[in-house]
Amino acid sequence: MPLTKTASPPPGALRRAARELTLIALLFLAYKAGRQLIAGRAGAALDNGERTWRLERLLHLPGEALLQGPLLAHELPVRLANSYYAYVHFPATVLCLVWLHLRRPAHYLRLRRALAVLTAAALVLHVCIPLAPPRLTALTGMVDTGRRYGPSVYGPPEADQLSNQYAAMPSLHVGWALAVALALVAVTTGRWRWLWLAHPLITAVVVVATGNHYWLDGVVAVALLAVILAALPRPLPPQESSPPPAAGPPRPHVVPPPRRAGRRRTTKVPAAADARLRPPGRG
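The written sequence of each chain sets the order in which its residues are numbered from 1. Side-chain atom pairs in this predicted model are given and counted only at pLDDT of 80 or more, local residue features only at pLDDT of at least 70, and totals for whole chains, interfaces and linings cover all residues. Side-chain figures throughout are based on the complete set of non-hydrogen atoms in the structure, without hydrogens or water.

*Asks:* A description of the overall build of the protein chain should follow, citing residues and the corresponding values.
*Replies:* A run of H or I in DSSP becomes a helix once it reaches four residues, and a run of E becomes a strand once it reaches two; helices and strands are each numbered from the N terminus. A tally of helices and strands in the protein chain yields 11 helices and zero strands. The order of helices and strands in the protein chain, counted from the N terminus, is α-α-α-α-α-α-α-α-α-α-α. Relative accessibility decides the category of a residue: with a 1.4 Å probe and only protein chains considered, values under 20% of the type maximum give buried, values over 50% give exposed, and everything between is partly exposed. Counting over 283 residues, the protein chain shows a buried share of 35%. Should any heavy atoms of two residues lie within 4.5 Å, those residues are considered in contact. Counted over contacts in the protein chain with a minimum sequence separation of 6, partners at least 24 positions apart contribute 83%.

Here's what the structure looks like:
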């Protein structure tokens, strides 16, 4: 996946990147604080979890337990899935944002706006529809792989003061991963750039297999992101970002006649008076 050639970052770019990173971290902390404001609605969240599970069966979506079952046969895949869920989501997003800010500022600005709007929309849905994840909904028959095998980013729901575990709809893991992958596809070249889409695909499998999200959580996140990206302006290609200087009117190209080798002889054309005085020639 070769990257397109870009100019080196100007002086002070690292300082501006650190400032942007601080802004994103503050927005993320504000989102986490907003989720805490809706804590304490476990009853409604569990009821919504059962309704979501039944709705998926009506839509003939595959059961989440069917995906988790083969994973539980061996401990190593479970630990790898838990580690991917815990350690890849936020660092991968931050690294992508920093690189885009240094190399492709226009694409960075679009991605930052998309993530901010998607997160704000998710917070609204968390307030309106508290939803328990499958691992906390007994009807699903799912296992909390994080607590059983580790590593886990959550504690017991009733004692967890760092996060609200009843905010599964939509899945920001899936939404952020897809936004990052699409941004990287846009700024890289070659056939291999489409491998960036493996990140959201793996994320979708991981969040379901670990019991942290329903299929519908990811579907809603993808739908929201599609609407947001369609509304945001697209960055111009590098060759169109700065218009070329205006050129003057085209000058005609005159091709000189070919020269013959040797001395050129000229034929004198007689004037009209000389033609009248000349005697007529014979035959």
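Still to come is the rest of the account.
*Asks:* Before we move on, could you go through the environment of E56 and cite the residues and values that matter?
*Replies:* Mapped onto the fold, E56 is located in helix 2 (residues 42-58). In this structure E56 comes out as buried when scored by relative accessible area, which is 0%. As a C-alpha pair, E56 and Y214 span 158 residues in sequence and 8.6 Å in three-dimensional space. Not counting chain neighbours up to four residues away, the residues in contact with E56 comprise L61, E64, Y214, W215 and L216.

*Asks:* So what about helix 5 (residues 89-103)? Which residues, and what values?
*Replies:* Helix span, expected: 1.5 Å multiplied by one less than the number of residues in the helix. Taking 1.5 Å per residue as the helical rise, helix 5 with its 15 residues ought to reach 21 Å, and the 22 Å between its terminal C-alpha atoms agrees with that figure. All of the buried residues in helix 5 are H89, T93, V94, C96, L97, L100, H101 and L102.

*Asks:* Which residues make up the pattern of salt bridges, and what values do they have?
*Replies:* Oppositely charged side chains are able to pair whenever their charged atoms sit close together. We define a salt bridge as a side-chain nitrogen of Lys or Arg found within 4 Å of a carboxyl oxygen belonging to Asp or Glu. Tallied over the entire structure, the rule returns five salt bridges. The salt bridge involving E56 is made with R57; its shortest N-O contact spans 3.4 Å. Across the salt bridge formed by E64 and R57, the nearest N and O atoms sit 3.9 Å from each other. Through salt bridges with shared partners, a single ionic network connects E56, R57 and E64.

*Asks:* So what about unusual backbone geometry? Which residues, and what values?
*Replies:* The omega torsion across G150 and P151 is -10°, close enough to zero to call that bond cis. Following the sequence through the fold, P151 ends up in the loop between helix 7 (145-149) and helix 8 (172-187). Note that the residue after M169, namely P170, is joined by a cis bond; omega there is -5°. For P170, the location among the structural elements is in the loop between helix 7 and helix 8. Positive phi, normally seen in glycine, also occurs at H60, with a value near 60°.

*Asks:* Go over empty space enclosed by the protein, please, and point to the residues and values.
*Replies:* Points on a 1 Å grid over protein atoms alone make up a cavity when a 1.4 Å probe fits among them but cannot get out, and a pocket when they form an open set with protein on both sides within 12 Å along at least five of seven lines; lining residues each have an atom within 4 Å of a point. Grid points are joined across faces, edges and corners, and a volume is the space filled by probe spheres set on the points. According to the stated counting rule, one finds three cavities of 30 Å³ or more in the structure shown. Lining the largest cavity we find 13 residues, and of these Y85, G146, S152, Y154 and N212 sit closest to its centre. Secondary structure elements with two or more residues in the lining of the largest cavity: helix 4 (75-87) and helix 7. When residues in the lining of the largest cavity are grouped by element, the largest group, three residues, is from helix 7. Only Asp, Glu, Lys and Arg are considered charged in this grouping, and only Ala, Val, Leu, Ile, Met, Phe, Trp, Tyr, Cys and Pro are considered nonpolar; every other residue, Gly among them, is considered polar. Split by residue class, the lining of the largest cavity holds four nonpolar, six polar and three charged.

*Asks:* Could you give an account of the packing of aromatic side chains, with specific residues and numbers?
*Replies:* Centres within 6.5 Å are what make two rings of Phe, Tyr or Trp a pair, Trp counting through its six-membered ring; a difference in plane orientation under 30 degrees is then read as stacked, over 60 as edge-to-face, and the rest as tilted. Applying the stated criterion across every chain yields a total of two aromatic pairs. Pairing Y85 with Y154 gives two aromatic rings, centres 6.3 Å apart and planes at 55°, and the pair type is tilted. On the criterion of sequence distance, the pair formed by Y85 in helix 4 and Y154 in the loop between helix 7 and helix 8 is long-range, its members being 69 residues apart. Take Y85: its relative accessible area is 8%, and that puts it in the buried class. Positioned above the aromatic ring of W53 is the side chain of R57, whose terminal nitrogen or guanidinium carbon lies 4.9 Å from the ring centre. Placement of a charge over a ring requires the Lys NZ or Arg CZ to be within 6 Å of the ring centre, with the centre-to-atom vector within 35 degrees of the ring normal.

*Asks:* Could you give me a rundown of the nonpolar core, with the residues and numbers involved?
*Replies:* Remark: nonpolar core denotes a set of buried residues (Ala, Val, Leu, Ile, Met, Phe, Trp, Tyr, Cys) joined through side-chain atoms within 4.5 Å. Formed by 22 residues in total, the largest nonpolar core has its most connected members in L100, L111 and L225. When contributions to this core are tallied by element, the ones reaching two or more residues are helix 5, helix 6 (105-128), helix 8 and helix 10 (215-231). Here this core takes eight residues from helix 8, the largest share from any one element.

*Asks:* Which residues make up the packing of helix 6 against helix 10, and what values go with them?
*Replies:* Viewed as axis vectors pointing N to C, helix 6 and helix 10 meet at an angle of 135°, and their least axial separation amounts to 10 Å. Of the possible angle classes, the one that applies to helix 6 and helix 10 is oblique. Viewed along their axes, helix 6 and helix 10 form a crossing whose handedness is right-handed. Here R110, A114, V117, L118, A121 and L125 of helix 6 lie close against helix 10, whose contacting residues are V220, A221, L224, L225, I228 and L229. Helix axes are fitted only over the stretch in contact, all axes being lines through C-alpha atoms; the angle between N-to-C directions runs from 0 to 180 degrees. With respect to orientation, any angle under 35 degrees is reported as roughly parallel, any angle over 145 as roughly antiparallel, any angle of 65 to 115 as roughly perpendicular, and every other angle as oblique. Crossings are classed by handedness, with left-handed meaning an anticlockwise turn of the near helix from the far one by less than a right angle and right-handed meaning a clockwise turn.

*Asks:* Explain the environment of L216 residue by residue, including any values.
*Replies:* Looking at the secondary structure, you find L216 in helix 10. For L216, a relative accessible area of 11% gives the class buried. When the C-alpha atoms of L216 and S171 are compared, they prove to be 8.7 Å apart, with 45 residues separating the residues in sequence. L216 has contacts with T52, L55, E56, L59, L61 and M169, leaving out every residue within four places of it along the chain.

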